[in-house]
Structure formats: structure tokens, C-alpha cells
Amino acid sequence: MAAFTDPSHITGLDRLRALRNGSALFLPITGLVGENGRWYTPGSFPVANSMPEQSRLRRLGVSLYSAWLGLLRWLLHLWVRSTIVPEDLSELGLDPERPTFYVLDTYALSSLLIADQICRDQGWHRPARPFRAGKIELTRSYGAHRRYRGLLIRSLERRRHSAMLRHLLDLAEISDAEPNGIQIVPVSVLIGRAPDNEDGFFKILFSENWDLGGRLRRLFSTLVNGRATLVQFGQPVLLDDILAQSPGNGQALAKLSRILRVHFKRTRTAAIGPDRSHRRTLVETVINSPAVEEAVAAKARKDGISQVKAQAMARGYAREIAADYSYTVVRICDMLLTWFWNRIYRGVEVKHFRQFRENSAGNEVIYVPCHRSHIDYLLLSYLLYHRGFVPPHIAAGVNLNMPLIGGLLRRGGAFFLRRSFRSQPLYAAVFNQYVALILSRGVALEYFIEGTRSRTGRLLPPRAGMLSITVRAFLRSQNRPILFQPVYIGYERLAEGNAYISELSGQQKKPESLSDLRNLVNILRKNYGEVTVSFGEPVRLNQLLEQHDPDWAQRPYDVDSKPPWLSGLVDDLAGQIMVNINRSSHVNPINLLSIALLASRKQALDEGDLGRLLGLLKGLVGGLQYSDRVTVTAMPPEQIIEYGLQMGLVERHVHRLGSIIRTDATTAVLLTYFRNNSAHLLAMSAWIACCFLNVQRVHRSRLKALTATVYPFLRRELFLPWTLDGLDEVVDHTADLMVELGLLRQSQDRLQRPPGGSNETYYLRLLANTMVQTFERYFITVSILAKNGSGHLTRAQLEQLCILSAQRISLLHQFEAPEFSDRTLFKQFIESLTESGVLGRDDNGRLIFDQRLQEFARDARLILDKEVRHAIIQVTPEVLELEQPSS
């Protein structure tokens, strides 16, 4: 038998040459006993190919080792439960017939056993088994990207490549063997990362993080968090492809190692967040940046204070702004929120997440959801965390930086900003630098471009401040491309519903305070139905930059750079985000019930009529092809009605001539919110229905001309997706669908409504009623302008008169709906009139207009009946009536 040599002096090629020559080969087998009675560490077990006794010893050792691993794996999985990503492993495209070699992110025996069990369950080749591919043979089918050395004090082994990967490529070279389609599969095992419903303090303490832990911590982590294990398999890398693209084995090994290194870092970053520096270090980095130092010097000169005092102010701003992310706090919040969601919701449905996962790879992600409730940011962070993504840093208003609550939010990833800081250049410099710094470090961000929660259920006009800050930060660093991810969040009941009604009715918004926590008791007593979170089509910043300036990447940018195209780009970006939020809407049962019942005069319908109308509404949403991401509840009309009864939003009044479904006045006001959530989806069909309220038939060309007139205003208010160039096709498609559903009839090039008194005419009128309030608001604005004349009103006076008129009409002629007099909606319409050139301003700042406004008012006769138009004209005041006489 050949003498054993110290394995530390033998290289990989020496071992391979020994194998070829039939001499002793040192195999990487852990924990086996050699014939001299000593334990051999990985890479030092001797086997002589040519000697029968050593072959028997080798087979015995392999059998014992396999049996030992099998026993450990069985014991481990009495406790461990794994969440596997991706959920559908067929997405990986892994071929079980091909030789498969696994690479673990970090070696640990528990990680190997967990991965081995999953592969065993899937029927794949197992990592602990010997590896064979043609002439290539290894004693195991896995390697490790990282290994730690040391018994008590653990340190990272300094190496650039996995030793087993090096052996694999060396074998292919020495034995002149072909790779034979070898698949390299990266595997990340994160113990304590997959949340469950049994979290506790010790589970959080021993959860996965970036800190280095020893064997003892790994043991405790497995014992405490074994049922919260996340295992993520990466896309297989074909060794054939790597070798074909590389001139030699050394270059192939370097390339493969680089691919694996990037993959593992992205996986761990997505799962537990970037390896962030201490908050104090981050603050000092911001303060010492050239942009902030320049702002500090300017502040000192302007206010006549010392440089030290100005820098202290900047440091105070940075501490006020900066998040203090704590993974332990995130786990505690996960535990609390899991209980909270299960208490108040029947379920949370997530749509189109697979597309988001695919699109997000290789990008810095900015989440831009709609803002309906304070629950929005908690829910989105929770869902991302449960699907293997780190919760983003969230831009929160400084009003939420309250005692206790502010600290908790800050450790959950919130960073705070003031509502406006245009007049505070030092604060602006600190904030801009902070955002640029965390963005450059790969931190995902989340902010609400509406600026505040919507009180009406419609999307609010976007505020472009954070978008502009983000774009400018990217232009300076130009690291990874930025992907803006729109997210639609749909509720069936709102925790803040009553507060929204009060604010729209004119009451002052109450500032957030700790006393608001008392409302949690009332919230916990109710059921809020289901929530839908839908991921929309992403907006890629690089593509927008190419459209606005094809040479943008070659230009230099500094902290003061504001390219001439920046404002237009930010506006386009904001518009696309809002449109894509709407294009990912989900229509739930409460949306449909709200649309149907609020279309009737007394918010009540015969149960049969209600069922048929719900069916028509579902047919319209599904048939209009608004977007391939728009979804609608699968419930049939009868089940939708029963669901509304269970939620307590409607009631059934039994009558001998047929049951009536109705809602009370207070609930009806709340339902306007959910009607408005889906208003954009029915806008075109409701508009066409409005055109038949006062006439029997309309020529298609006339319908298209009217649509072209009103569409710019609807588009701005509802963030509709169609351009003016493609509008005629949309009108034709919508009209054809309404004919197919029986709501309209076709006579050559004319469309006409069904005969009076028919069910179809009744449903057509109800459909029109879903949009008629919008046109009433438009007519209020036009009537006030016409009544006061050109050059007599300022914009502020016009807005105030519109609000007062709408409030009075709502009290006199229909149920009291506070959103009917919402200032934002009137403001949007006035801005649209200005942009279209219908309104202008004279030298004194007063609004002027021409004949086009009269033509707009004349067209209203087609939509609004005479009684409504007369009531609006009578109610709308002149500006002089608002002026109080001096005493």
C-alpha cells in the first residue's frame, strides 16, 4: 500500500494525476476512519485505486458515511420544515436525467441534509450521493461557495472558488472527458427566514442574518427555527455553455464562480436585505458627502452661524430621516401582523407575483402602490417578506414619527420626510443624499406618489417629488437599472372609512397620535373581508430615459444636474405608474355591489334585477380587454349578493312581489369608495350609455366625435390608458360589446337603445348613472364660468364656488355623497380645461375663455336631462354672492 502523504501539500491536479497513475487518491469524505485508526478530514481520506483491500475500504467508508447521513437527515426532518422557492420547481427547467452538481451558498451539515431531503422528495439526484458524468467521478455531488474554519472562533476561509468545482473542471481536463450536459444548481438554505405562525422571541433571536455565527448558534437556530426554513434553488447553469464561452478551465472556473457569487448575494439580499452598515456610520457618510458639506457651508454663511453648528443641524436632519433597519424587529412585526391579518381578514390574494419575480431580477426595485389605507405599507412589506424578498425602506410622513411608533416604524425600514422642504436647502441636501446612498447600496424603496391616502377611492393626482429625487440619484450613480413596480391594493372594507367621510364633509383632519391606537379595539371586532394585492406592469427607467434623451448615459451628472428633459420625463413616469396601477385592478364582490346599488335612486334594487345587472357588469369588465392584468371575482351574481349580506353591507327586504336588496344611507356613502375603485374600468361603457340617456339613437361618427371631446378630461381624472389616436377603435369595441350584451342595438352605422320600458333600457340607464355624477361636476364648473363671465373669476374663487355648488346640489337633489364635492376632482377638471386651451388667464390672474366653453355646455344637453341642468344653473352662484359686505 502506498504511504499516505500529508494532504495539505497535495494540489487538485496532483490528486487527479495520482488517480490516472493508480496511486493513492485523497477523497473529500468527511468523518471516515482510515486503516491506521485516525480520522481523516475533508480531502484527506486515502484510497488506492489499484489495491483491492483499499477498494473494499472505500466502499465500506462510503456506505457507512451514507448511512450516517441518512440517520442524521431523518432525525433533522423530524423537526425541520422547509419552504421551497420557487413554489413550482418545474419553473427551474432542471432535467433530472442529466448529471447534476449542487453548490451550497455556505456549507453547513444541516444545510446539506435539508437540500438532500428536498432532492430526494423531488426524485432528483441527491447532493450527498457520488457524482458521475461519463468518465468524471466524484465522491459527492455538491460543493460550497463559502466555508468557515475554526471550532469555536469561526472565520471565513479565504478562497476565490469552490474546491469541488475546481476538482470537477480539473477532472474534465485531465481525463479528456466531456461535461456531458452537467447542470450546476445553486442552493441557498436560510434557517429562520421562512416565517410561520408560531414565532416567538427565541425564534427571532436565532433567525437568519448577515452576522457570522458559530456551530453552536447554527445548532440553536436549527432547533428554534427549523420549521421556518427557506430553501431557494437557482436556475441551473450548464457547464457545457460555460466551457464553450471560455478559452480555458481557469477562465471557466472564474466565470462560473462569479455567476454563483452574484446569484448568492442577490438571493440573500432579497431574502434578508442588504448587509447594511450601522445607522450612525450611514449618517456620518451622508454628512461628509460633498453635496451636504456644500449645503452646510451655504447655511453657515446665510444664517451667520458657525460651521460646526450648521453641521450639527445637518446631522440632526439625517438622524430624523434615516431608517434603523432591524431584522429582529421585522420578525417581531411578522409575528404580530400574522395574528392581526388572521383576525380581521378572510384572506389575502396576491396576483401576478410570478411576473414581478421574473422582472425584478437584476434591477433596483421601487415599489409604487396606490394609497388607500395605513394598512397598505404593512401589508405589502408583509407579503414581500413571506415570498422571499426583503421588506423595502418606506418613505413615511414625519407625522408618523411619534414616540414609540416612530421608533418601531424606523426599525421596520421606514425613513421619514417632511411634507415640503423647498425652502430648506440644507434639509433637502441631506434627504437627497440619504436616498441616493441607500439606493446605491441596493436597498429597495417604497413610496406613495399620491402623497396621501385617497379619501374617495380614486387615484389622486401624482406628486412627483420622490420620483424626481430617485431619477436624479440614479443619474449620478447609474448602478443597476431601476424598475418601478406599480401595485394595486383592493379592500372590501376600510378601517378608516368613517374618518374619510368626516374629512370629505369638511371636518379638519385629525393629526396622528398614540391615542389612535385605541381604535384597534374597534377594528379587531369587525371582519374586513378579503384583500387583493395585484402587481402591475413595471415601468423601466432606462427605457424612459432612452425616449427622452438617447445619449443620456454618456452625459455627466452631479448633484445639481437638472437636464431640460427631466421635468417631462418625471411627468411621463408618474403618468405611466398611475395608469399601470389601474391596469392591474381587481374587481371584488363589494365593488360590483356598490356600482349596481348606487346607480339606483334609492340605493335599492329588485333582487332579480340586481343579479342580472351584476352579470352585465362582470361581462363588461371581462369583455373590454382593459388589460390582461385586470381580474374580476369568480363569484356568480347570486353568491355576490349573499356575500354582501354576510359582510353586513346590504340587507334583504322580503316582499310578496319579490325580495329587494338595499343599503342604508350611511353605508351607501361608504360604498361610494368601492364604486370609485373600479370607475375607470367601466368609464368607456358608462360614457356611451350616457349618450343614450336623452336620445334614442346616435351615429357612430357622432359618438366618436363626442368621445374625443370629453376623453381628455376623463383620462386625466381616471388615468385611462388609451391614446387619442386609438380612441376610435376603443369606442367601436366597447359599442360592439354592449350590442352583444343586449344593452344597445345596431342599425347600419347607427347605434340605438332598446325600446322604452324593456329591461335592457333599464340596465342601460343604471350603467349610465355610474358615470353621470362626473359629468354633473363638469357642468357645474362650466355653468359657474358662464354665469360669471370671462375675466371675472380667479382660479381659487372658481374652485370654492364649485365645491359650494356641489355640496348644495348633493343636499337638495340626491343622497349626500361627500366625494361629489371633493376639491381634488374639481381641481383636476379645471387643470384639464387650462391644458386644453379652453381656459386661460389675463394679466390680473383671472380666468378667461372663448366660445369653446359654450359649445362644451351645449353638448351637455345630450348627457344631462333638462331637470338636472336647470337645477345646476339655478344653484350655481356668482362670485359677488360670496363676498360679505363690510361692516
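Residues numbered from 1 in each chain as written. Predicted model: local features only at pLDDT ≥ 70, side-chain atom pairs only at ≥ 80, totals over all residues. Heavy atoms only, no water.

1. Some thoughts on the nonpolar core
Core analysis: the largest hydrophobic core is formed by 198 residues, its most contacted members being Phe-415, Phe-431, Phe-484 and Phe-775. Phe-431 has contacts with Ile-321, Phe-415, Phe-416, Leu-417, Phe-421, Met-466 and Ile-469, leaving out every residue within four places of it along the chain. Counting 26 residues, the second-largest nonpolar core is a separate cluster that includes Tyr-65, Val-80, Ala-115 and Val-187. (Core = buried A, V, L, I, M, F, W, Y, C linked by side-chain atoms within 4.5 Å. Buried < 20%, exposed > 50% of the residue type's maximum accessible area, 1.4 Å probe, protein only. Contact = heavy atoms within 4.5 Å.)

2. Some remarks on the pattern of salt bridges
Evaluated as defined, the whole model comprises 28 salt bridges. The partner of Arg-418 in a salt bridge is Glu-320, with the nearest N and O atoms 3.0 Å apart. Of this pair, Arg-418 sits in the loop between β18 (414-417) and α16 (425-440) while Glu-320 sits in helix α11 (residues 307-321); the two residues are 98 residues apart in sequence, bridging distant segments of the chain. (Salt bridge = Lys/Arg side-chain N within 4 Å of Asp/Glu carboxyl O. Helix = DSSP H or I, 4+ residues; strand = E, 2+ residues; numbered from the N terminus.)

3. What to know about the sheet that holds strand β27 (residues 660-662)
Strand order in this open sheet of three strands is β24-β27-β26, and the pairing throughout is antiparallel. The sheet is open, and its two borders are formed by β24 (604-606) and β26 (651-653), each paired with just one other strand. For this sheet, the mean inter-axis angle between neighbouring strands, taken without regard to orientation, is 30°. Sheet topology places β24 next to β27; three bridges connect them, and they run antiparallel. Looking at the pairing, Leu-605 lines up with Ile-661 of β27. (Pairing = 2+ DSSP bridges. Axes fitted to C-alpha atoms, helices over the stretch in contact; angles between N-to-C directions.)

4. Side note on the sheet that holds strand β30 (residues 750-752)
Spatially, the three strands line up as an open sheet ordered β28-β30-β29, and their pairing is antiparallel. At either end of the open sheet lies a strand with only one pairing partner, and these are β28 (697-699) and β29 (745-747). Along the sheet, successive strands turn relative to each other by an average axial angle of 30°, direction set aside. Here β28 pairs with β30 via three bridges, running antiparallel. Looking at β30, one finds that Arg-697 is bridged to Gln-752.

5. Describing empty space enclosed by the protein
Overall, the coordinates contain eight cavities of 30 Å³ or more when judged by the stated rule. In this model, the largest cavity occupies a volume close to 190 Å³. Only α27 (700-718), α29 (759-788) and α32 (851-863) provide two or more residues apiece to the lining of the largest cavity. By residue number, the principal contributor to the lining of the largest cavity is α32, which donates six residues. In terms of residue class, the lining of the largest cavity is made up of twelve nonpolar, one polar and one charged. There is about 120 Å³ of room inside the second largest cavity. Considering the residues around the second largest cavity, the lining is formed by 15 residues, among which Arg-675, Asn-676, Ala-679, Thr-770 and Met-771 are closest to the centre. Elements supplying a minimum of two residues to the lining of the second largest cavity: α25 (665-677), α26 (683-690) and α29. Its residues placed into classes, the lining of the second largest cavity shows six nonpolar, five polar and four charged. (1 Å grid on protein atoms, 1.4 Å probe; cavity = no way out; pocket = protein on both sides within 12 Å on 5 of 7 lines; lining within 4 Å. Points joined across faces, edges and corners; volume = space filled by probe spheres on them. Nonpolar A, V, L, I, M, F, W, Y, C, P; charged D, E, K, R; others polar.)

6. Looking at helix α12 (residues 327-344)
Relative to the 26 Å expected for 18 residues at 1.5 Å per residue, α12 spans 25 Å between its end C-alpha atoms, a close match to the ideal helical length. Among the residues making up α12, those that are buried are Tyr-327, Val-329, Val-330, Arg-331, Asp-334, Leu-337, Thr-338, Phe-340, Trp-341 and Ile-344. (Expected span 1.5 Å × (residues − 1).)

7. Considering the packing of aromatic side chains
Centre-to-centre distance and the angle between the planes together describe a pair of aromatic rings. Tallied over the full model, the rule gives 30 aromatic pairs. Both rings, one in Phe-356 and one in Phe-389, keep their centres 5.3 Å apart while their planes meet at 40°; by these two values the pair is tilted. Here the residue Phe-356 occupies a position in helix α13 (residues 353-360), and Phe-389 occupies one in the loop between α14 (375-386) and β17 (393-397), the gap between them amounting to 33 residues. Between Tyr-427 and Phe-431, the ring centres sit 6.4 Å apart and the planes meet at 10°, which makes this aromatic pair stacked. Highlighted residues: Tyr-427 and Phe-431, both in helix α16, separated by four residues, approximately one helical turn. Take Tyr-427 and Phe-431: they sit in the same class, and that class is buried. Aromatic rings pair up to connect Tyr-317, Phe-415, Phe-421, Tyr-427, Phe-431 and Tyr-434 into one cluster. (Phe/Tyr/Trp six-rings, centres within 6.5 Å; stacked < 30°, edge-to-face > 60°.)

8. A few points about unusual backbone geometry
The general pattern is negative phi for most residues beyond glycine and trans for most peptide bonds. In this chain, Val-85 is followed by Pro-86 through a cis amide linkage whose omega measures 0°. As for its placement among the helices and strands, Pro-86 is situated in the loop between β5 (82-85) and β6 (100-106). At Gln-603, a residue that is not glycine, the phi angle is positive and equals roughly 55°. Among the residues examined, Gln-603 registers a relative accessible area of 7% and is labelled buried. The backbone of Gln-748 sits at a positive phi, close to 55°, despite the residue not being glycine. For Gln-748, the location among the structural elements is in the loop between β29 and β30.

9. Quick word on the environment of Arg-343
Tracing the backbone shows Arg-343 in helix α12. As for Arg-343 and Lys-526, which are separated by 183 residues in sequence, their C-alpha atoms are 8.8 Å apart. Beyond its immediate sequence surroundings of up to four residues, Arg-343 is in contact with Leu-524 and Lys-526.

10. A closer look at the confidence of the model for the protein chain
Mean pLDDT for the protein chain: 83, with 84% of residues reaching 70 or above. Counting interchain partners and residues more than four positions distant, the pLDDT-below-50 stretch residues 1-50 has 93 contacts. (pLDDT = per-residue confidence, 0-100.)

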